[in-house]
Amino acid sequence: MYRLHVGIDDTDSPDGMCTTYISCVIIQELKSCGFSLEDHPRLIRLNPFAPHKTRGNGAVTFTVLAESREDINTIKGIVLEGVAELAELDSERTNPGVVFYTGKITEEMREFALSAIRRILRIEDARRLAERVGAEVHGFKKGRGIIGALAAIGCPLDDSTYELLTYRVPENYGKPRRIDPESVARMDDATGSETFDNIDGDYIAIEPHTPCPILYGVRGESPEVLLRAMEMVRVDEEVERYCIFETNQHTDQHIQDAGRIADMEAFGCYRVRGEVIDGPRVIEGGHVFFTLGDDSGQIECGAYEPTKDFRKIILELIPGDVLTVYGGIGAQGTMNIEKIHLERLAELYVEENPICTCGKRMKSAGRNKGFKCPSCGRRLRSSRKVRRALERSVGEGYYEVPTCARRHLSKQLVRMGISSPPSEATESSSTRQSDPLNKKWEDL
């Protein structure tokens, strides 16, 4: 028995086609021809900060069982024909890649996969690795998809989640999706922490906002809970098919530890510890920034408008606060925040004139002449004011962006076994409308 690993990537297009749908159709064709898969297909999300990423920047891999070399050739033909037929190759941004591999997954392949998730790789890097391990590579047009296809095959999943994707009939592509929001809310309540990121106020998070074939997708901890969730979600349109993928979503697999700020590179994804250097500032569009520093240097950190009330947490930071920031570095060199761990709060205080022994607040007696009580006349020679500590409205602990702003790979606090601090801002749809920070999003 042969085990043929198949990797497919970069078939997304602005007009709506997506890698998961193409893979789902191909898998169904393989099954109708008598072939079976080993376990669930896998959806591997790659570096969310890659300059040439597709919409969700996801690659798909699955393992097909074959009895002969002839079967392997038949499987390859079905896969390549499916990609050529379904991928919208007329789109400039569609550059598919397909990889076939029958060997054991090597440590070099695993390291390549992690690099594709955390850093930036070139097509040449993928081609050289494929040649070394004996993988068969097929690139369409520029063939950029071979990077993700090879990475998906080699990706280790020490932690994983599952996603159930349902697909629309073609005549409904581009039309408004007809999903009953109340049924989504009931499903979310019924499945509890076994599913996640289903709904955020009146925002239906399981519904895509592109013209892609996906009707909705539910994410959770097991295939079984996803099947139960699908039974609870009500839709007023035909479902063409569905597929369950094992994924690296919500695992923080993209995050790597940065020992120093100076060691971080553009488009990399990091967890870095530092101290707040300057007070947060708001720019046009409602985006909030502050500077994080350590002994090696400084970096600007940003909480953008789509993170909604999470920005109010960032606005509470003051110089001297020590925290760990999780996120990735964009083209402008700013670290886009996904969550923070506020480890130590700096003292917030005001300086005031001292209180006299009679209970009245003293006034200045003149430059460098100390203080004088306006009530009893008592004088103090010292001109030093008294510090009064102020209560901070934010506490130590973890804070994360809301569901509506969460990246595919970012691990939720609930999956980390961490409770959100009680001061974490929560937000309803009415809050979003009235929030003075909630201005129009601008692509920075």
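Note that the structure is a prediction, hence the values are computed from the model and not measured.

## Comments concerning the overall build of the protein chain
- Scanning the protein chain from terminus to terminus reveals nine helices and 25 strands.
- Over its C-alpha atoms, taken along the principal directions, the protein chain stretches across nearly 105 × 50 × 35 Å.
- Evaluated residue by residue, the protein chain yields a buried proportion of 51% over its 444 residues.
- Partitioning the intrachain contacts of the protein chain with sequence separation of at least 6 by distance along the chain shows that 71% fall at a separation of at least 24.
- Put simply, the protein chain shows about 20,800 Å² of open surface, and 45% of that area lies on carbon and sulfur atoms.
- Looking at the protein chain, you have 59 positive and 70 negative side-chain charges, and the mean spots of the two groups are 11 Å apart.

## Some points on the confidence of the model for the protein chain
- Overall, the predicted model of the protein chain reaches an average pLDDT of 92, with 93% of residues at or above 70.
- Low pLDDT, under 50, characterises residues 423-436; the predicted model gives this stretch 26 contacts beyond four residues in sequence or across chains.
- In the predicted structure, residues 438-444 sits below a pLDDT of 50 and forms 20 contacts with residues beyond four places in sequence or in another chain.

## Focus on the packing of helix H3 (residues 107-118) against helix H4 (residues 123-133)
- Where H3 meets H4, the axes come as close as 11 Å, and the angle between the chain directions of the two elements is 165°. Relative to H4, H3 is oriented roughly antiparallel. The interaxial crossing formed by H3 with H4 has left-handed handedness. Here Glu108, Met109 and Phe112 of H3 lie close against H4, whose contacting residues are Asp125, Ala126, Leu129, Arg132 and Val133.

## Here we look at the packing of helix H6 (residues 181-191) against helix H7 (residues 223-232)
- Axis separation between H6 and H7 bottoms out at 9 Å; the angle between their running directions is 150°. Considered as vectors, H6 and H7 are oriented roughly antiparallel to each other. As for how H6 packs across H7, the hand of that crossing is right-handed. On H7, the residues touching Ser183, Met187, Ala190 and Thr191 of H6 are Val225, Ala229 and Met232.

## Observations concerning the nonpolar core
- Counting 34 residues, the largest nonpolar core has Phe62 and Val79 as its most contacted members.
- Put simply, the parts of the chain that give this core at least two residues each are strand S1 (2-9), helix H1 (19-32), strand S4 (58-66), helix H2 (69-86), strand S5 (97-101), strand S7 (161-168) and strand S12 (239-247).
- Counting residues per element, this core draws most heavily on H1, at seven residues.
- When neighbours within four sequence positions are excluded, Val79 is seen to be in contact with Val6, Ile8, Ile26, Phe62, Val98 and Phe100.

What counts and how
- Residues numbered from 1 in each chain as written.
- Predicted model: local features only at pLDDT ≥ 70, side-chain atom pairs only at ≥ 80, totals over all residues.
- Heavy atoms only, no water.
- Helix = DSSP H or I, 4+ residues; strand = E, 2+ residues; numbered from the N terminus.
- Buried < 20%, exposed > 50% of the residue type's maximum accessible area, 1.4 Å probe, protein only.
- Contact = heavy atoms within 4.5 Å.
- Areas by Shrake-Rupley, 256 points an atom, 1.4 Å probe, with all protein chains shown as cover.
- Lys, Arg positive; Asp, Glu negative; His and termini not counted.
- Charge placed at Lys NZ, Arg CZ, Asp CG, Glu CD.
- pLDDT = per-residue confidence, 0-100.
- Axes fitted to C-alpha atoms, helices over the stretch in contact; angles between N-to-C directions.
- Parallel < 35°, antiparallel > 145°, perpendicular 65-115°, else oblique.
- Left-handed = near helix turned anticlockwise from the far one by under 90°.
- Core = buried A, V, L, I, M, F, W, Y, C linked by side-chain atoms within 4.5 Å.

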